[in-house]
Amino acid sequence: MSLLFYLIAALTVVGGLAAILLKNTVHCALALTVAFAGLAVMFLELDAQFAGFAQILVYIGAVAILVVFAILLTRNAETPKDGVYSRNWFAGLVIAAGVFAVLGWAVVHSTRVLPHETAMPAVTVLDIGNALMGRYVLPLEIVALLLTAALIGAVIVAMHEKEGAK
Amino acid sequence: MSENADQIFVLLRHWIVGFLPAGLQEIAGVVLSVIAIIAIFPTLFALAVWMERKGLARMQNRIGPNRAGPFGLLQPIADGIKSLTKEDIVPLRADAVVHFLAPVLLVVVVFMGIAVLPIGRNMTLVHMDSGLLFFFAMGASTELSVFMAGWSSRNKYSLLGAMRGVAQMISYEVPLLMSSVAVVMITGSLSLEKIVEVQNQYTWGLPHWYIFTPWGLAAFVMYATAATAETNRSPFDLPEGESELVAGYFTEYSGFKFALFFLGEYVGMLSISGLGTTLFLGGWSAPFAFLGWVPSWFWFFSKVLMSIAVFIWIRGTLPRLRQDQLMNFAWKFVLPFTLLDLFVAALWRFMSDGWARWVVCSAILLAVYALMGGVGMSRKHFGLRKYRYAE
Amino acid sequence: MLGEGILRGLAETARNFVGSFVSADRLTTVQYPEERIAPIEATRDFPFLVYDGGDWEAGMRCVACQICEKECPPKCIYIVKSADKKPDALGKPQFYPARFDIDISVCMSCQICVEVCPFQAIKMDTEFELSTTDRFGGLLFDREKLAKSNEHYHKIHPTEAAEVDARLAEEKAKADAKATAAAAAAAAKAAVPSKPVAAAAAKPEEGEARS
């Protein structure tokens, strides 16, 4: 666990915390972007180049923009009058703790179940491509179908809105 | 001798780094390369600004700036001094932190994109297996900066400009990637050095640049269109349309921050031209085999500057596209054409080498282009305009 | 075909670019202020007052009728009539402007003052390099600054000035002809009453001689 890992981890955690605690919603979205960037740097540090760059390209380049557009088009970016903390914060805390426990158990358990790698596997983009087109082609096609359905659904919703306005 | 001229910068770096102890040598080499990039690209930016002003002027039947220095060569310096000495105005209700960070983010991201471009033989700052993906990742981050600039200014017009700019950049991101995917498919690697190496071969003295293949030419045209839209250049410069939105998303910026936006835009143009050169025009490879003695970095920079000249030429010629025309063009013409181009590139690869594949690929591309063009143009009614009023 | 218009446009701009280095009709600008393009004759910038002869005060055509002051749309002319009269070009005694100010920062070069002047006294000048560091007084032209000779008018608007001079000469000829005719009539009238007076004077002399 090098110093670099701690720095990146600190950046990610601070970004995530800021995303929850800041008052201005757009500031929260930008802090979330910082958290995404921290994750991408962590991928790069683990030598997973494709995952890191795809993280930047997809999350920062598209998802963050989507989040910001959604905030701007649906609500006031100013501070809500009754503060940012929900009334059911205790229930939220319990659920978050539960999810964290499950994920933590899965991660820790995996070091015992998966074979212990001594050398770092050199995964190139070619390998990822082969895997996607070979072993995992069915999940790829299902995801593509899902995305197409989402796209058509979005177009239909927008079309209906236009007709509704008429 | 020509080998030395070609590798002069590499040898220079090696020599300078030799003075330092062994532990610091690697990082010193990287720092030197970074300093070189930070020195060269803003100089190229000044040159591009000068070329733009003089070139646009000559195309518009006038002389450009010619008082500041011989032929106006010191005009960019004068502009820089002016920007630095202007008052930095931040609107009272603007979001100061985001307002400050937007141009910083733009410049940082744009310079990082240059890190993977092969500027000459063995002259890439960072050798990456998936260099192309890194470049596009950096390009995607510029949209965020545009949005931050427009939103933090608390100005209707800036926000409108930012929204339009982001929508445009996202729409043209997909054709940009798709046209590069054709190149990646044929080369078989995402690494930019490998792409240049593959194009560095010669048949009968002519190079194997991808632009000289039918699918490559189509992909290059799509790439150039998408690149013009990505960098908000005319005819796609509605987000910064000077007559529509004052200055669009950077209305509220003055002085040095405006200069940084300007720098970011032009260096972005340079870096995307650099990528286009690498992917389609053979990067640092010479046009003819017998010209191989000229240093490789000379070819790279001349190709990039020629691409900038074409950008300026197009800016001086075409009128601005309206937002909906721009989006229609992206989704209804450019994207389907890039998908077809992918298919044709695959066909090219699987047909055996010979004249047959040239004929078949060119025929398919030309036929579909003429068809789509014909359909698109036939729906244009030039005549009395029918108005549709808002609800 | 799609894209044809773009290519034609690119060819045109390329022709402009290359042509601007070789031919003059593709580069229509000059290096001002070292070179200047000669203005056309109908150029107009700000008004000036015309005077005939050498002395600007005596030869000024303006008779302070104040029509131009009333007709000026932005009201940039300020005239104060003189108390006494002086003879004009036709010999008739006329008023003259004791004060004639034009504020050229207000003047919009509409030429209405020129159009309504019955005495051809105010015409449009072609001088535009009038910038000054004095924001208020520097752009307020008084009578002396506005007075320019008829020769200057001939230089800047030759055909117009020739026309005006011809018209003024015609008027002067008509006035002269009228004057000589009036003088001849007056002389004739003066000659006729002298004869009956002489006859009346002769008659009583004859009457005196008989008785």
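Predicted model only: the values in this text are computed from it and were never measured.

1. Concerning the overall build of chain A
- Check the secondary structure of chain A and you find six helices and zero strands.
- Along chain A, helices (α) and strands (β) appear in the sequence α-α-α-α-α-α when read from the amino end.
- Split into buried and exposed, the 166 residues of chain A put 15% on the buried side.
- In chain A, of all internal contacts separated by at least 6 residues, the share reaching a separation of at least 24 is 52%.

2. Re the environment of C:Phe46
Residue and element names in this part refer to chain C.
- One can find Phe46 in the loop between helix H1 (4-22) and strand S1 (47-51).
- The class for Phe46 is partly exposed, based on 19 C-beta atoms found within 10 Å.
- Among all residues touching Phe46, those that are not within four sequence positions of it are Ile104, Cys107, Ser109 and Asp125.

3. Overview of the interface of chain B and chain A
- Contact residues are listed per partner, giving 18 residues for chain B and 17 residues for chain A.
- When residues of the side of chain B that touches chain A are traced back to their parent elements, those giving at least two are helix H6 (131-152) and helix H7 (156-187) of chain B.
- It is H6(B) that provides the largest number of residues to the side of chain B that touches chain A, a total of 10 residues.
- Counted by class, the side of chain B that touches chain A contains 13 nonpolar, two polar and three charged residues.

4. A word on the pairing of S1(C)
All names here are of chain C.
- With five of five residues buried, S1 is to be regarded as a mostly interior element.
- In this structure, S1 lies alongside strand S6 (residues 122-124), joined through three bridges in antiparallel fashion. By the bridge assignment for S6, Pro47 is matched with Met124.
- For S1 and strand S8 (residues 147-149), the ladder comprises three bridges, and the chain directions are parallel. Bridge assignment links Leu49 to a residue of S8, and that residue is Ala147.

Cut-offs and rules
Residues numbered from 1 in each chain as written. Chains lettered and ligands numbered in written order. Predicted model: local features only at pLDDT ≥ 70, side-chain atom pairs only at ≥ 80, totals over all residues. Helix = DSSP H or I, 4+ residues; strand = E, 2+ residues; numbered from the N terminus. Buried ≥ 20, exposed ≤ 12 C-beta atoms within 10 Å, placed from the backbone. Contact = placed C-beta atoms within 7 Å. Nonpolar A, V, L, I, M, F, W, Y, C, P; charged D, E, K, R; others polar. Pairing = 2+ DSSP bridges.

None of the figures reported here should be taken as evidence of function without further support.
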